[in-house]
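Here is how the chains run, residue by residue.
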Amino acid sequence: MLVAKTHKSGVVTLTLCRAAKRNALSGALIEALGTRLDATRDEDMAVLVVRGDGDRAFASGGDLDELSAIRTVEAAADMSHRFRAVLEKLRSFPVPVIAALNGDAFGGGAELAMACDLRIAAGHARIGFLQGKLAISTAWGGGPDLFAALGISRALRLLGRAEILSAPCAREWGLLDAVADDGQPFEAFVDAYVAGFSERTPDVMRAFKALAHAARIGAPRDAALALETKHFARTWADDAHWAAVEASLGRAGKVQE
Ligand SMILES: CC[C@H](C(=O)O)C(=O)SCCNC(=O)CCNC(=O)[C@H](O)C(C)(C)COP(=O)(O)OP(=O)(O)OC[C@H]1O[C@@H](n2cnc3c(N)ncnc32)[C@H](O)[C@@H]1OP(=O)(O)O
């Protein structure tokens, strides 16, 4: 249901495996994601990648069959809290999380993508907050994420019109950071994009993610500055910094010769 792969490059990939159901987010799948995030958060990695299995959908949202059993306000609120708690684990995961949209991200699947820090996509992927079509609003934190990402007007347009954006359009709007070229194998596209991050040390990526999370939650500036100094001082004193300086000076030495 959920497959985790640790790559030598310091990248961990989690794959949602319910392709036959377009990776619909059942309670069991969401729970498996939460358990895996808890188990993985202290591992040495530069970035975490989340993707869907197959080439049709990243995640087609909550599992409509399963969710149809939820009928009361209280039960709906409970589900909202339980599922959102797992997406909060992505939002607060200690290193940057990249959503690799292998296909459509609809409804809760779009909310899952927004809970990640960056989003990249296959050229055929689409993203749509379809909740309004089902006469419901967003449930798992994706609404506030969308308003923060796009601003009031565009977010309200996507939600109110239940508009589906193509990958190129989503990139133009700033919802996606990169889109695979026509004919480019998706795995090669993801590997090339992630490689730029995996050259950094896990500590440096934890520092950058701490600042990103502080920004996402609107932390007061003095708290963010204190966080920055705490992480900077730790990375500055780390051996990795001095090894990099020596390598750089060594290169500079060659340049001076
Ligand atoms: C709290 C609610 C939650 C939220 O708002 O946070 C939500 O996400 S509500 C759900 C919002 N999502 C949708 O409305 C998308 C529904 N699915 C589709 O539009 C299509 O399935 C699509 C475009 C993702 C893929 O279309 P395609 O033609 O490639 O496949 P099929 O439609 O034939 O689907 C194949 C198979 O998967 C089952 N399926 C797909 N999505 C879901 C889903 N969200 N929940 C449960 N099952 C889903 C579909 O029923 C088919 O099953 P089969 O047994 O083969 O008939």
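The structure presented is a predicted model; accordingly, all values stated were derived computationally and were not measured.

Procedures and definitions
Residues numbered from 1 in each chain as written. Predicted model: local features only at pLDDT ≥ 70, side-chain atom pairs only at ≥ 80, totals over all residues. Heavy atoms only, no water. Patch = residues over 30% accessible without salt bridge, like charges linked within 9 Å, V, L, I, M, F, W, Y side chains within 5 Å. Areas by Shrake-Rupley, 256 points an atom, 1.4 Å probe, with all protein chains shown as cover. Salt bridge = Lys/Arg side-chain N within 4 Å of Asp/Glu carboxyl O. Helix = DSSP H or I, 4+ residues; strand = E, 2+ residues; numbered from the N terminus. Axes fitted to C-alpha atoms, helices over the stretch in contact; angles between N-to-C directions. Left-handed = near helix turned anticlockwise from the far one by under 90°. Contact = heavy atoms within 4.5 Å. Nonpolar A, V, L, I, M, F, W, Y, C, P; charged D, E, K, R; others polar. Pairing = 2+ DSSP bridges. Domains from an automatic or database assignment. Buried area = accessible area lost by both parts, 1.4 Å probe. Buried < 20%, exposed > 50% of the residue type's maximum accessible area, 1.4 Å probe, protein only.

1. Here we look at a nonpolar patch on the surface
Inference 1: Nonpolar side chains collect at one region of the surface, where Leu64, Leu134 and Ile136 lie side by side and expose about 310 Å² of accessible area between them.
Inference 2: Counting through the fold element by element, Ile136 comes out in the loop between strand E8 (126-128) and helix H5 (142-150).

2. Considering the packing of helix H1 (residues 27-40) against helix H3 (residues 73-91)
Working note: a packed helix pair is described by the angle between its axes plus the distance between those axes.
Inference 1: The contact between H1 and H3 brings their axes to 9 Å, and the two run at 35 degrees. When you trace H1 past H3, the crossing you get is left-handed. Contact residues: Gly27, Ile30, Leu33, Gly34, Leu37 and Asp38 in H1; Phe83, Val86, Leu87, Lys89 and Leu90 in H3.
Inference 2: Taken together, the residues of the contact of H1 with H3 sort by class into seven nonpolar, two polar and two charged.

3. Quick word on the sheet that holds strand E1 (residues 2-6)
Inference 1: The six strands are arranged E1-E2-E3-E5-E7-E10 in an open sheet whose pairing can be described as mixed. Edge positions in the open sheet fall to E1 and strand E10 (178-179), since each of these has one partner strand only.
Inference 2: Of the pairings in the sheet, the one linking E1 to strand E2 (residues 11-16) comprises five bridges and is antiparallel in character. Paired with Leu2 across the two strands is Leu16, which belongs to E2.
Inference 3: Across the sheet, helix H8 (residues 186-198) lies against E2, strand E3 (47-52), strand E5 (97-101), strand E7 (118-121) and E10, angled at about 150 degrees from E7, the strand it touches most.

4. Focus: the sheet that holds E8
Inference 1: Reading across from one edge, E4-E6-E8-E9 is the order of the four strands in this open sheet, with mixed pairing throughout. Unpaired on one side and paired on the other, strand E4 (57-59) and strand E9 (164-166) mark the two borders of the sheet. Here the average twist between neighbouring strands, direction ignored, is 20 degrees.
Inference 2: Both strand E6 (residues 104-106) and E8 contribute to a ladder of two bridges, which runs parallel. Paired with Ala105 across the strands is Ile127, a residue of E8.

5. A look at the domain arrangement of the protein
Inference 1: Here the domain parsing of the protein yields domain 1 (2-199) and domain 2 (202-248).
Inference 2: Each of domain 1 and domain 2 was reduced to a C-alpha centroid, and the two centroids are 26 Å apart.
Inference 3: At the interface, 21 residues of domain 1 touch six residues of domain 2.
Inference 4: The junction of domain 1 with domain 2 conceals about 980 Å² of combined surface from both sides, 50% of it contributed by carbon and sulfur atoms.
Inference 5: The largest share of the area that domain 1 buries against domain 2 comes from Arg91, Pro94 and Pro96, three residues that together contribute 36% of it.
Inference 6: Joining domain 1 to domain 2, the criterion identifies three salt bridges.

6. Notes on unusual backbone geometry
Inference 1: One non-glycine residue, Asn23, adopts positive backbone phi at about 55 degrees.
Inference 2: Its place among the elements puts Asn23 in the loop between E2 and H1.
Inference 3: For Ala135, which is not a glycine, the phi torsion comes out positive at approximately 60 degrees.
Inference 4: Tracing the backbone through its elements, the reader meets Ala135 in the loop between E8 and H5.
Inference 5: Given a relative accessible area of 71%, Ala135 falls into the exposed group.

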